[in-house]
Amino acid sequence: MIKNYKSYGFTFGLCLDMASSSSLLSEEQFLCSICLDVFTEPVSIGHNFCKACISGYWDTSDLCQCPMCKETFYRRPELRINTFISEMAAQFRKSVQVKATSSPEQCPAQPLDIPCDFCTGMKLKALKSCLVCLTSYGETHLEPHQRVAALKRRRHNPVENLEDRRCKKHERLLELFCRTDQTCLCVLCLKTDHMTHDTVPLEEEYGERKAKLGKTEAEVQQMIKERLKKVQEIKHSVDLSKREAEREISDSVQVFTDLVRSIERSQAELIEVIEEKQKATETQAEGIIKELEQEITELQRRSTELEQLSHTEDHLHLLQSCPSLCTPLHTKDWSEISVHSDLCVGTVRRAVSQVEETILSEVKKLCDAELKRIQQYDVDVTLDPDTAHPKLIMSEDGKQVRHGNTKQHLPDKPVRFSTCPCILGKEGFSSGRFYYKVMVKGKTDWALGVARDSITRKGDIKLNPTNGYWTVWLRNGEQYTALSSPTVPLSLREKPQKVGVFVDYEEGQVSFYDVEARSHIYSFTGCTFTEKLYPYFSPNVNDGGENSAPLIISPVNHKE
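Residues numbered from 1 in each chain as written. Predicted model: local features only at pLDDT ≥ 70, side-chain atom pairs only at ≥ 80, totals over all residues. Heavy atoms only, no water.

**Description of the nonpolar core**
The nonpolar side chains of a soluble globular protein tend to be buried, and buried together. Trp446, Val510 and Phe537 are the most contacted members of the largest nonpolar core, which has 36 residues in total. Not counting chain neighbours up to four residues away, the residues in contact with Trp446 comprise Val440, Val472, Trp473, Leu474, Arg475, Tyr480, Val499, Ser538 and Leu551. One finds Cys32, Val43, Phe73 and Met88 within the second-largest nonpolar core, a separate group that totals 19 residues. (Core = buried A, V, L, I, M, F, W, Y, C linked by side-chain atoms within 4.5 Å. Buried < 20%, exposed > 50% of the residue type's maximum accessible area, 1.4 Å probe, protein only. Contact = heavy atoms within 4.5 Å.)

**Comments concerning the pairing of strand S10 (residues 400-403)**
Of the two faces of S10, the one holding Val401 and His403 is buried and the one holding Gln400 and Arg402 is not buried anywhere. Where strand S9 (residues 392-394) meets S10, three bridges bridge the pair, whose relative direction is antiparallel. Bridge pairing in S10 places Leu392 opposite His403. Here S10 runs beside strand S21 (residues 551-553); their pairing, made up of two bridges, is antiparallel. Among the inter-strand pairings, Gln400 is bridged to a residue of S21, identified as Ile552. (Helix = DSSP H or I, 4+ residues; strand = E, 2+ residues; numbered from the N terminus. Pairing = 2+ DSSP bridges.)

**Structural notes on the packing of helix H8 (residues 202-310) against helix H9 (residues 315-326)**
Each pair of packed helices can be summarised by the angle the axes make with each other and by the distance between the axes. In the contact formed by H8 and H9, the axes pass within 11 Å of each other and the chain directions differ by 155°. Relative to H9, the element H8 is oriented roughly antiparallel. Like other packed secondary-structure pairs, H8 and H9 cross with a definite hand, here left-handed. For the pair H8 and H9, the contacting residues are Arg302, Glu305, Leu306 and Leu309 in the first and His317, Leu318, Ser321, Cys322, Ser324 and Leu325 in the second. Counted by class, the contact of H8 with H9 contains five nonpolar, three polar and two charged residues. (Axes fitted to C-alpha atoms, helices over the stretch in contact; angles between N-to-C directions. Parallel < 35°, antiparallel > 145°, perpendicular 65-115°, else oblique. Left-handed = near helix turned anticlockwise from the far one by under 90°. Nonpolar A, V, L, I, M, F, W, Y, C, P; charged D, E, K, R; others polar.)

**Quick notes on the pattern of salt bridges**
Counting across every chain of the model gives 22 salt bridges. Close ionic contact of Glu205 with Arg179 constitutes a salt bridge, the shortest N to O distance being 2.7 Å. One end of the pair, Glu205, is in helix H8; the other, Arg179, is in the loop between strand S6 (176-178) and strand S7 (183-185), with 26 residues separating them in the sequence. For Arg179, a relative accessible area of 23% puts it in the partly exposed group. The shortest N-O distance in the salt bridge between Glu205 and Arg209 comes to 2.8 Å. On the criterion of helical spacing, the pair formed by Glu205 and Arg209 is a turn pair, its members being four residues apart in helix H8. On the basis of relative accessible area, Glu205 is assigned to the buried category, the value being 8%. (Salt bridge = Lys/Arg side-chain N within 4 Å of Asp/Glu carboxyl O.)

**Focus: the packing of aromatic side chains**
Scanning the entire structure with this criterion turns up ten aromatic pairs. Ring centres 5.6 Å apart and planes at 80° place the aromatic pair Tyr469 and Tyr536 in the edge-to-face group. In this pair, Tyr469 is assigned in strand S14 (residues 469-475) and Tyr536 in strand S20 (residues 533-538), connecting sequence segments 67 residues apart. Taken together, a centroid distance of 5.1 Å and an interplanar angle of 85° make the contact between Tyr522 and Phe524 edge-to-face. (Phe/Tyr/Trp six-rings, centres within 6.5 Å; stacked < 30°, edge-to-face > 60°.)

**What to know about the environment of Gly46**
Counting through the fold element by element, Gly46 comes out in the loop between strand S1 (42-44) and strand S2 (48-50). Residues Gly46 and Cys69, spaced 23 residues apart in sequence, show a C-alpha to C-alpha distance of 8.8 Å.

**Focus: helix H3 (residues 51-59)**
Buried residues of H3: Cys53, Ile54, Ser55 and Trp58, and no others. On its buried side, H3 packs onto S1 and S2.

**As for the environment of Val488**
Tracing the chain through its elements places Val488 in strand S16 (residues 488-490). Classification of Val488 by relative accessible area gives partly exposed; the value is 28%. Linking Val488 and Tyr522, residues 34 residues apart in sequence, is a C-alpha distance of 9.3 Å. Residues within four places of Val488 in sequence aside, it is in contact with Tyr480, Thr481, Ala482 and Tyr522.

**Considerations on the confidence of the model for the protein chain**
The predicted model of the protein chain averages 81 in pLDDT, with 82% of residues at 70 or higher. Mean pLDDT across the elements of the protein chain bottoms out in helix H1 (residues 2-7) (34) and peaks in S20 (97). Across residues 1-24, confidence stays below pLDDT 50; counting only partners more than four residues off in sequence or on other chains, it has 25 contacts. Counting contacts from residues 147-156, a segment whose pLDDT is below 50, to residues more than four positions away or on other chains yields 18 contacts. (pLDDT = per-residue confidence, 0-100.)

**Structural notes on the packing of H8 against helix H10 (residues 347-374)**
Contact geometry for H8 and H10: axes closest at 9 Å, N-to-C directions at 165°. In terms of axis orientation, H8 runs roughly antiparallel to H10. Two packed elements cross with a definite hand, and for H8 against H10 that hand is right-handed. Contacts from Glu244, Arg247, Glu248, Val255, Leu259, Ser262, Ile263, Ser266, Leu270, Val273 and Lys277 of H8 reach H10 at Thr347, Val348, Ala351, Val355, Thr358, Ile359, Glu362, Leu366 and Arg373. Its residues assigned to classes, the contact of H8 with H10 comprises ten nonpolar, four polar and six charged.

**Some words on the sheet that holds S14**
Read from one edge to the other, the open sheet built from six strands follows the order S11-S20-S13-S14-S15-S16, with strand pairing classed as antiparallel. Each edge of the sheet is formed by a strand with only one pairing partner; in this case those strands are strand S11 (423-424) and S16. For S14 and strand S15 (residues 479-482), the ladder comprises four bridges, and the chain directions are antiparallel. Note on S15: the bridge partner recorded for Arg475 is Gln479.

**Notes on the sheet that holds S21**
The antiparallel open sheet is built from seven strands, whose spatial order is S9-S10-S21-S12-S17-S18-S19. A single partner strand is all that each edge strand has here, and the edge strands are S9 and strand S19 (519-524). The mean inter-strand angle of the sheet, taken between neighbouring strand axes irrespective of direction, is 20°. Summarising the sheet, strand S18 (residues 509-514) and S19 pair through five bridges and their orientation is antiparallel. Looking at the pairing, Tyr513 lines up with His520 of S19. Where H10 meets the sheet, its contacts fall on strand S12 (433-439), strand S17 (498-504), S18 and S19, and the angle it forms with S18 comes to roughly 115°.

**What about a negative patch on the surface?**
Side chains of Glu269, Glu272, Glu275 and Glu276 sit close together on the surface and give a patch of like negative charge. By secondary structure assignment, the location of Glu269 is in helix H8. Taking the relative accessible area as the measure of exposure, Glu269 reaches 39% and is therefore partly exposed. (Patch = residues over 30% accessible without salt bridge, like charges linked within 9 Å, V, L, I, M, F, W, Y side chains within 5 Å. Areas by Shrake-Rupley, 256 points an atom, 1.4 Å probe, with all protein chains shown as cover. Lys, Arg positive; Asp, Glu negative; His and termini not counted. Charge placed at Lys NZ, Arg CZ, Asp CG, Glu CD.)

**Things to note about unusual backbone geometry**
A cis amide bond links Ser485 with the next residue in sequence, Pro486, at an omega value of 0°. Within the secondary structure layout, Pro486 lies in the loop between S15 and S16. The backbone of Lys70 sits at a positive phi, close to 70°, despite the residue not being glycine. Relative to the helices and strands, Lys70 resides in the loop between H3 and helix H4 (83-102). The exposure class of Lys70 is partly exposed, given its relative accessible area of 46%. A positive phi angle, near 60°, is found at Asn540, a position not held by glycine. In this structure, Asn540 sits in the loop between S20 and S21.

Next up, the structure:
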């Protein structure tokens, strides 16, 4: 191989000179068809490959064949490095590196570069694009556009997809923009189809669009800034919520731990009482049994003596012994004596009642803490006269309402209730939380809660969530009811004098509280709100003066 190499020194030198010129030999002639890179340790099996590439190819194949022509070898050929091709590949690689170092503009085009359209083989990086020729040129092929004055004006920084800049119909450069049809045109398009349209040069439309883009970009940046701020607000809210949840968990664990301990303590005390009573019962029973056993022994002795006497043949002995043996023994009357087994009557009930009192006490503490947190959402509610039933009488400040016996002459507005004696608050709420309080002292009938904006206000009204009402009412001075579907009778320990109504819009919750007793009345949960909610009030009918007291909206007091 070496001898052949030396014998063709002239040819090899010539080939090296050829390899040094990319115009004569292209990179493809020095590329391995497997790795697509310049040969490293080239070998020949008819076609040329890197030694490692063809060896690896054969290692992963059942057949030993050429990847190019598919010639099959029945024995795996012994691979020897082709020194001639190896030297040429090395020289070619070196010449390319020298060119890249000496002339950055002639570097091979990288994946993100625009290549020269005229280069064959290895594509060089394009320096300019001609928008008339619709061609991109590298340094070598750009020469006419640098030399000829008319062509100089047509040079442009490298542009991708030059074919998209040519009119598909007329094969002319797209130079105009039709604002009527919002499309790019060539000169012939203008003459044929767009003569009456609003057309401008591309540069003019470009300037206006760019200015608009700048404005839009500024708006987008502002929107991004606002959303980033909102993200921070939400993250802050999540942090607050997390801390609140941790606090709630800690408090609930403490409450339930105390309740469990209280129940366990009550259970232990109950067991101790039962066991003591059982022990006393057993002691009593043992004493009775002992006494009974003594009498049984005495009776058994008398029975034996009587039996023996009954079998005697001695007349004198029987007559002498009979009087003493027939005399009744001094025994107790046991018919009224018993041991009671109902030792625990009332004991368990009293223990459970004590636990109930403890739980109610804890619930009251929790409710008190809950009301203190809710108080921060207290809002100033004013009655809306436009919604009031004609027989309702409002105070001038819009904070009180009662039922009168006389129907007032009021305009029949669409928002006014025509049959039911009720009224809404002026303020509507479509998000967040709100809380208001109403004095109901002295009334025998009333209804309170919230109603959605689209409720029916004419004719008879059925108060329930399906119809857009979340309310609680009092009837006949003692019947409290949550008007859900179905209704829920409420058993209240005390008669509320002031009722608080709390709404969490996003959570879908409407809760009612006895403000003065600091206790929970009822909650609607799992609700879905999609409209504005308005406070709802019904003082109900006067009832001959029995229910003449007004409903009074309490002023806002965040320190209450």
